[in-house]
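Structural features, examined
Here is how the chains run, residue by residue.
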Amino acid sequence: MSVIHTHPVRPVRPAVLSDEAALGELDRATWSTLHAVTPRPQPPYAPFFDDHHKPEDFLVAEAEDPAGGIRIAGYIRVVAPTPLACNTHVRQIQGLAVADWARGRGIARALLRAAFAVARSDGANRMTLRVLGHNAPARALYESEGFVVEGVLPGEFFLGGRYVDDVMMGRSLAP
């Protein structure tokens, strides 16, 4: 992956192994039933990177934090949805997180746009994702970036004492 220039304080860039601690911390800090279907992480924490979550699957955005330092403000994970040759034209977002201190600064949008550019450069022409039905802020962001609802699994998850829909969204990556 090449560096993609967007609008957070610094260019969106590919993750590297040394980002692991910061990404793990960000992932734990942003955990919520608004978007997570897995239980809240508890110590001892599993590694952020593993055989199924490799640094090359992630793009990160850095920004100035409230103390004036530059640190990772968000990440997006984009992978091929299957190992099938007939599906290599598709990339799937399987994670997007932005630190609370960095919200409202266009970081999620920059990460999405960088992911589109990287996917296009890798030969993909379609992007998909799954989002929980009650996650209105994420759904609005995705719709504003061209995603449309392509399917809904009603009541697919039981979270926080209620049934929640699993919403499939997709968009073309054609320029």
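An account of the accompanying structure is given in this report. Keep in mind it's a predicted model, so treat the numbers as computed, not measured.

What counts, and where the lines are drawn
Residues numbered from 1 in each chain as written. Predicted model: local features only at pLDDT ≥ 70, side-chain atom pairs only at ≥ 80, totals over all residues. Heavy atoms only, no water. Core = buried A, V, L, I, M, F, W, Y, C linked by side-chain atoms within 4.5 Å. Buried < 20%, exposed > 50% of the residue type's maximum accessible area, 1.4 Å probe, protein only. Helix = DSSP H or I, 4+ residues; strand = E, 2+ residues; numbered from the N terminus. Contact = heavy atoms within 4.5 Å. Arc of directions from axis to C-beta. Polar contact = N/O pair within 3.5 Å; in protein donor to acceptor, adjacent residues only side chain to side chain. Phe/Tyr/Trp six-rings, centres within 6.5 Å; stacked < 30°, edge-to-face > 60°. Pairing = 2+ DSSP bridges. Axes fitted to C-alpha atoms, helices over the stretch in contact; angles between N-to-C directions. Right-handed = clockwise from strand over helix to strand, strands pointing away.

Regarding the nonpolar core
By size, the foremost hydrophobic cluster in this structure holds 42 residues, and its most contacted members are Met-127 and Phe-147. Of all elements in the fold, only helix 1 (20-29), strand 2 (58-64), strand 3 (70-79), strand 4 (90-98), helix 2 (107-121), strand 5 (126-132), helix 3 (136-144) and strand 7 (162-172) reach the threshold of two or more residues within this core. Of all the elements, helix 2 adds the most residues to this core, at 10 residues. Met-127 has contacts with Val-78, Arg-91, Gln-92, Ile-93, Ala-115, Phe-116, Ala-119, Phe-147, Met-169, Gly-170, Arg-171 and Leu-173, leaving out every residue within four places of it along the chain.

Comments concerning helix 3
Within the span of helix 3, buried status applies to Ala-138, Leu-141 and Tyr-142. The arc that holds the buried residues of helix 3, viewed along the axis, is 95 degrees, so those residues lie on one side. The elements touched by buried residues of helix 3 are strand 4, helix 2, strand 5 and strand 7. Where helix 3 starts, the residue carrying a side-chain oxygen 3.2 Å from the main-chain nitrogen of Ala-138 turns out to be Asn-135.

Some points on the environment of Val-79
By the element assignment, Val-79 lies in strand 3. Residue Val-79 is classed as buried on the basis of its relative accessible area, which comes to 11%. Residues Val-79 and Leu-153, 74 residues apart in the sequence, show an inter-C-alpha distance of 22 Å. Contacts of Val-79, omitting those with residues within four sequence positions, involve Asp-57, Val-90, Arg-91, Gln-92 and Gln-94.

Regarding the packing of aromatic side chains
Scanning the entire structure with this criterion turns up eight aromatic pairs. Seen from their ring centres, Phe-49 and Phe-58 are 5.8 Å apart, and the 65 degrees between their planes marks the pair as edge-to-face. Summarising the burial analysis for this pair, Phe-49 and Phe-58 share the class buried. Between Tyr-142 and Phe-147, the ring centres sit 5.7 Å apart and the planes meet at 65 degrees, which makes this aromatic pair edge-to-face.

Remarks on unusual backbone geometry
Glycine aside, residues mostly have negative phi, and peptide bonds are mostly found in the trans state. Of note, the amide linkage connecting Pro-43 to Pro-44 takes the cis form, showing an omega dihedral of -5 degrees. Its place among the elements puts Pro-44 in the loop between helix 1 and strand 2.

A word on the sheet that holds strand 6 (residues 148-159)
Taken together, the seven strands give an open sheet; going across it, the order is 1-2-3-4-5-7-6, and neighbouring strands pair in mixed fashion. A strand with exactly one partner marks an edge of an open sheet, and here the two such strands are strand 1 (13-14) and strand 6. Helix 1 rests against strand 2, strand 3 and strand 4 of the sheet, and its axis sits at about 80 degrees to strand 3.

Observations concerning the pairing of strand 4
Pairing analysis gives five bridges linking strand 3 to strand 4, with the strands arranged antiparallel. Among the inter-strand pairings, Val-78 is bridged to a residue of strand 4, identified as Ile-93. As defined by bridge partners, strand 4 adjoins strand 5 across four bridges and the pair is classed as parallel. Opposite Arg-91, over in strand 5, you have Met-127 as the bridge partner. Following the chain from strand 4 across helix 2 to the adjacent parallel strand 5, one finds a crossover that is right-handed.

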